[in-house]
Amino acid sequence: MSSKTYQMNQSYADSQEKQKMLYKRTLIIISISQIFGGAGLAAGVTVGALLAQQMLGTDAFAGVPSGLFTLGSAGAALIVGRLSQRYGRRTGLTAGFMIGGLGAIGVITAAIINSVFLLFASLLIYGAGTATNLQARYAGTDLANNKQRATAISITMVFTTFGAVAGPNLVNVMGDFALSIGVPSLAGPFILSAAAFILAGLVLFVLLRPDPLVIARTIETSKQESNRLGYSADTEQMVNKRGIIVGAAIMVLTQIVMVAIMTMTPVHMRHHGHDLGEIGLVIGFHIAAMYLPSLVTGVLVDKFGRTAMAIASGATLLLAGLISAIAPGDSMILLVIALSLLGLGWNFGLISGTALIVDSTDTSNRAKTQGTVDVLIALSGASGGALSGMIVAGSSYTALSFIGGLLSLLLIPVVIWSRGSKK
């Protein structure tokens, strides 16, 4: 680090006013990148299963694309977390989005040449964009105090809504555009993904200066030097393994339930005569419910506590599973309600779990731990996505929905264990 950079970083550590300004600026920049990132992740969610179904000619492996790009996001989460820990958020997040953009380009190429092998390999790489889009939520918390953390997470997630809702509702437009340039229509949304992920990376690379995580480390170091008692307090927080375990468990369970049901909904709707526009509408509502309530959720998590909102997550996911199980396949209204509740339950779980992870770490291990936790989340999503197609092929979408709803009840013993640890 040059002396000029050191002096600049130290100037933020010495000025609470500059810290507040940087905190607000960081939230704005992350929020802008999330608009593009949200649009990028929507393509795989909306048409990934349909593209695999078309190329493979069977439903049994329709859940594989979701499994692959969530599996790819697991590796990417680890890499982004390690890069962020060593070099700062700017480097880690930029690299992740750029790699995700390359993966989307690979999916387009695979559709053109009808290569299933290239499709699967590209979906793994595409997962980097999905992982990075989630990892970005942590950047807003680096300069937040413990009463702002859930709200900071929620603000960045709200802005993801704009792109994430637009993406599924542009499937027909992008499909027509793809056909006009000689690309299969189902690959059209991935054209949007490629452009969106790359733009998100460019926004962060150009504007995320100074790096919030680097500044947070400088602030913490300054506090430790001025008050030796601060080191023992920080160490106690850093080794709060129970908080990390509980936060991770909440996010893993909600991810499994959400991905499993969401992955097979487009295929289920296709079998009941719904077109791409109707599928895009349902998934659009689902993704809106995943992100749009975030601002309110963050306030609720900060006010009522992490574990209380985790219980709300389990109850909401249970209701979503029951409604999707009993909903007639031709009922757009009930499918919209079920998928909206599915997104809302995931939202409650992700924000409460993320806040617990941030509470339980400090800047010396935060990004690395966050990356590791997101690996578990991605792997759980991969297993949920891959198994969902097999469950539906072997039984039914109704059975899948019931199983998903009942699985969400496991959040209750997790929360009881968490509260039992408090003295």
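Residues numbered from 1 in each chain as written. Predicted model: local features only at pLDDT ≥ 70, side-chain atom pairs only at ≥ 80, totals over all residues. Heavy atoms only, no water.

1. Let's talk about the overall build of the protein
Here's step 1: Within the protein one finds 18 helices and 0 strands.
Here's step 2: For 423 residues, the compact-globule estimate of 2.2 N^0.38 gives 22 Å, and the C-alpha radius of gyration of the protein, at 21 Å, lies within 12% of that figure.
Here's step 3: Principal-axis analysis of the C-alpha atoms gives the protein an extent of 65 × 50 × 30 Å.
Here's step 4: Counting across all 423 residues of the protein, residues that qualify as buried make up 60%.
Here's step 5: Pairs at least 24 residues apart make up 86% of the contacts formed inside the protein by residues separated by at least 6 positions.
Here's step 6: As displayed, the protein offers around 16,400 Å² of accessible surface, 68% of which is attributable to carbon and sulfur atoms.
Here's step 7: For the protein, the distance from the average site of its 26 positive side-chain charges to the average site of its 17 negative ones is 9 Å. (Helix = DSSP H or I, 4+ residues; strand = E, 2+ residues; numbered from the N terminus. Rg over C-alpha atoms; globule rule 2.2 N^0.38 Å. Buried < 20%, exposed > 50% of the residue type's maximum accessible area, 1.4 Å probe, protein only. Contact = heavy atoms within 4.5 Å. Areas by Shrake-Rupley, 256 points an atom, 1.4 Å probe, with all protein chains shown as cover. Lys, Arg positive; Asp, Glu negative; His and termini not counted. Charge placed at Lys NZ, Arg CZ, Asp CG, Glu CD.)

2. Some remarks on the side chain of T26
Here's step 1: Among the structural elements, T26 can be located in helix α2 (residues 16-56).
Here's step 2: Discounting residues that sit within four places of it in the chain, T26 has contacts with A139, L208 and P212.

3. Some words on the pattern of salt bridges
Here's step 1: Applying the stated criterion across every chain, the model contains 5 salt bridges.
Here's step 2: Between R89 and D142 there is a salt bridge; the shortest N-O distance is 2.8 Å. With a gap of 53 residues between them, R89 in helix α4 (residues 89-113) and D142 in the loop between α5 (116-139) and α6 (149-166) connect regions that are remote in the sequence. Here R89 and D142 have matching classes, each one buried. (Salt bridge = Lys/Arg side-chain N within 4 Å of Asp/Glu carboxyl O.)

4. Quick word on the confidence of the model for the protein
Here's step 1: When pLDDT is averaged along the protein, the result is 86; 92% of the residues meet or exceed 70.
Here's step 2: For residues 230-239, every residue scores under 50 in pLDDT, and the model assigns this stretch 16 contacts once sequence neighbours within four places are set aside. (pLDDT = per-residue confidence, 0-100.)

5. Let's talk about unusual backbone geometry
Here's step 1: Here the amide bond leading from R209 into P210 is cis, since omega sits at -10°, within 30 degrees of zero.
Here's step 2: Secondary-structure assignment places P210 in the loop between α8 (188-207) and α9 (212-226).
Here's step 3: Positive phi, close to 55°, is recorded for N114, a residue that is not glycine.
Here's step 4: Relative to the helices and strands, N114 is located in the loop between α4 and α5.

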